[in-house]
Amino acid sequence: KITSGPYKRIILKLSGESFAAAGERGISMEEVVHISAQTYRAKQQGVEIAIVIGGGNILRGAQFIAGNSSVHEATAHYMGMLATVINGLALQDALESLGCETRLLSTLKCDGVAEPFIRRRARRHLEKGRVIILAGGTGAPFVTTDTAAAQKALELEADILMKATRVDGVYSDDPEKNPHAVFYRDLTFEQVRNQNLRVMDPTAIAHCMEHNLPILVFNYRTDGNIEKAVRGEQIGTRVTS
Ligand code: UDP
């Protein structure tokens, strides 16, 4: 199918929490299939989709080391990266159970379960219409999968980085805690930086800002939102130069 939307290639950042039932940890295949179905429908509109998957539903390095002096911080981050591979496997099977062709690629070497991430190979999969799932983050500790999403978007020359979250977009404060938090429809990178707004981690923001890569933050819990985002409809918060 030919896409009627504004984007040819998108990076979709799915956090680990989108894989767990509300308020829980671990993996709920019901949730994974739900987000997979949305993603597949979006893909069928004719865009190329590369998913960067998080691991926070299983383990976040920075949280894991709190009060744990017996594990090195770097080790904890590697554990987090491996968590993204576990999520990647679940996502791959969920998408394939719906008939969507996928490839799982990992930046961290994981022979036996995932292909190595090789830029040209990743692009080839996209051109052939496969949804690629990018696991292993950046392959390096001390950052998060937001940074991986920004880096992969630049490497793969995506038109936009879409970050699916639990809230409708970017607010002046945490909307789950402060009922007076103001919602922003459009922001510039400058505003995000100056107001210290929580969009993505600062390294990810810096990458996007430097390379003029737009970000869309939107709510994955509203059914049909991934499709709307792909069509370029007005949802969530857009961050541009
Ligand atoms: N991580 C890392 N390097 C990376 C990506 C991830 O060390 O390039 C580790 C980090 O500890 C992180 C964890 O993997 O907390 C899981 O990723 P993230 O927190 O980004 O998952 P999400 O919040 O998106 O579910």
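All figures in this text were calculated on a predicted structure; none of them were measured in a lab.

Enquirer: Residue-level account of the site of the ligand, with values.
Expert: Around the ligand, the structure places 20 residues, and the nearest of them are Gly16, His77, Thr138, Ala140 and Thr145. A distance of 3.0 Å separates an oxygen atom of the ligand from a polar atom in the backbone of Gly55. Residue Val143 places a main-chain N or O atom 3.3 Å away from a nitrogen atom belonging to the ligand. Expressed as a share of its isolated accessible area of 520 Å², the protein-covered part of the ligand is 95%. In terms of residue count, helix α3 (residues 73-97) provides more of the shell around the ligand than any other element does, three residues in total.

Enquirer: Describe the pattern of salt bridges, and please don't skip the residues or the numbers.
Expert: In the structure shown here, the tally under the stated rule is 16 salt bridges. A salt bridge links Glu48 to Arg9; the nearest nitrogen and oxygen atoms lie 2.7 Å apart. A residue pair is termed long-range when its members are at least 10 positions apart, and Glu48 in strand β2 (residues 48-53) and Arg9 in strand β1 (residues 9-14) qualify at 39 residues. By relative accessible area, which is 12% here, Glu48 ends up buried.

Enquirer: Tell me about the pairing of β1, and name the residues and values.
Expert: Successive side chains on a regular strand alternate, one facing one side of the sheet and the next facing the other. Of all six residues making up β1, six are buried, and the element is well covered by its neighbours. Side chains Arg9, Ile11 and Lys13 of β1 all project onto a buried face; the interleaved residues Ile10, Leu12 and Leu14 project onto the opposite face, where all are buried too. Across six bridges, β1 lies against β2 in parallel orientation. When the bridges of β2 are listed, Ile10 appears paired with Ile49. Crossover handedness for the path β1 to helix α1 (residues 29-43) to β2: right-handed. By the bridge criterion, five bridges tie β1 to strand β6 (residues 160-165) in an arrangement that is parallel. Across the sheet, residue Ile10 finds its bridge partner in β6, namely Ile160.

Quick notes on the rules
Residues numbered from 1 in each chain as written. Predicted model: local features only at pLDDT ≥ 70, side-chain atom pairs only at ≥ 80, totals over all residues. Heavy atoms only, no water. Near = heavy atom within 4 Å. Polar contact = N/O pair within 3.5 Å; in protein donor to acceptor, adjacent residues only side chain to side chain. Areas by Shrake-Rupley, 256 points an atom, 1.4 Å probe, with all protein chains shown as cover. Helix = DSSP H or I, 4+ residues; strand = E, 2+ residues; numbered from the N terminus. Salt bridge = Lys/Arg side-chain N within 4 Å of Asp/Glu carboxyl O. Buried < 20%, exposed > 50% of the residue type's maximum accessible area, 1.4 Å probe, protein only. Pairing = 2+ DSSP bridges. Right-handed = clockwise from strand over helix to strand, strands pointing away.

Honestly, that's just the spatial picture; any functional story needs more than this.
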